[in-house]
Amino acid sequence: MSPDWLAVQSFGANQRLLTAINALSIHTKLRLGGVDDPGRSQAAADGRKTLEAFLDRLDTALRQSGEDELGPVLGADPRLRELARSFVAARRDRGRFRSVLFRHSPSEMEQLLRSGKPEDEKLLVECLKELRALVEDHLHSDAAEVLGEI
Amino acid sequence: MWDVLRDNNLDLLRQVDRLQEDLEGISSSLLTELRAYYEWAVEAVGACGLQARQNLEDLELRRDEILPDILSSSQVATRRLGLLNRRLLSPLLASRAARWALPRRPLATEHCLYCSARSTSRAAFASALVLSPSPLALALL
């Protein structure tokens, strides 16, 4: 696959991930605020599935390569490996990334996704916010390649 | 910020409407080989419209805690439409250009020029804000 189409594919995957994060974040915040949001229930449920699948892949990439080094992983998506590398770097930035996802692991966030308890939902909102920041930082290089510098 | 995002999403809807009109316009003269791609494109453009409408509904709620989510969602819809407009619709629109022996310039470019020309300054600012990197945009909140 050409680098150009790899960028398009990665761009699309990150856009879908952001869509999942945003739908779930809005739905969770509205419910925590006592606002019914039935029209987004399906999108939020789909978002949970998308995020679970992504966190599984991220967790695998981190474990296979060793979190501190992130050397080459045979068969791994190179863009996912770049994101995993950004994730490891973000973990060291405690001023900006301090949610459960970055203090612990992707699998801890997966547990929050499945919990449904209000106290966990608040932690989940923090995880979603920081994950979105990480993905948007990562997306910028693909966006520049795909859409041109804006 | 509420008004900026509202203007941006309304502008997105206008772009979606024009793209849908153009796609409808080439439907009858489309090469058979491009039919499946055409149907995918129609659905993808429609999805951008749905996202923009959802953003407008969310903006109506006027809840501060979801503003960063709506901003991100607006950026997603803007980038998605940008990808369609600048790159993915070209084969379809070029097929019409080839069939009717029109100039080779992709029609998608005309959209961009048209949209830019009719944008108000506030809408132009909104587009720039929504297309800018998130940390910068969020800093303006």
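Scroll up a little and you will see the structure.
I will try to describe carefully the structure that is included in this document.

The rules behind the values
- Residues numbered from 1 in each chain as written.
- Chains lettered and ligands numbered in written order.
- Predicted model: local features only at pLDDT ≥ 70, side-chain atom pairs only at ≥ 80, totals over all residues.
- Helix = DSSP H or I, 4+ residues; strand = E, 2+ residues; numbered from the N terminus.
- Buried ≥ 20, exposed ≤ 12 C-beta atoms within 10 Å, placed from the backbone.
- Contact = placed C-beta atoms within 7 Å.
- Nonpolar A, V, L, I, M, F, W, Y, C, P; charged D, E, K, R; others polar.

Along the backbone of chain B there are 7 helices and 0 strands. Along chain B, helices (α) and strands (β) appear in the sequence α-α-α-α-α-α-α when read from the amino end. For chain B, with 141 residues in total, the buried portion stands at 34%. Contacts in chain B between residues at least 24 apart in sequence constitute 76% of all its contacts with a sequence separation of at least 6.

Residues and elements named next belong to chain A. Relative to the helices and strands, Leu 58 resides in helix H2 (residues 41-65). With 23 residues separating them along the chain, Leu 58 and Arg 81 place their C-alpha atoms 8.3 Å apart. Ignoring anything within four residues of it in the chain, the contact list for Leu 58 reads Ala 84, Phe 87 and Pro 106.

All names here are of chain B. Checked against the element boundaries, Leu 19 lands in helix H1 (residues 2-27). Looking at Leu 19, the number of C-beta atoms within 10 Å reads 25, which means it is buried. Linking Leu 19 and Asn 85, residues 66 residues apart in sequence, is a C-alpha distance of 8.2 Å.

It is worth spelling out the interface of chain B and chain A at this point. Contacts between chain B and chain A engage 16 residues on the former and 17 residues on the latter. Broken down by element, the residue count for the side of chain B that touches chain A peaks at 9 residues, all from helix H3 (residues 67-88) of chain B. Looking at side-chain class alone, the side of chain B that touches chain A contains 5 nonpolar, 4 polar and 7 charged residues.

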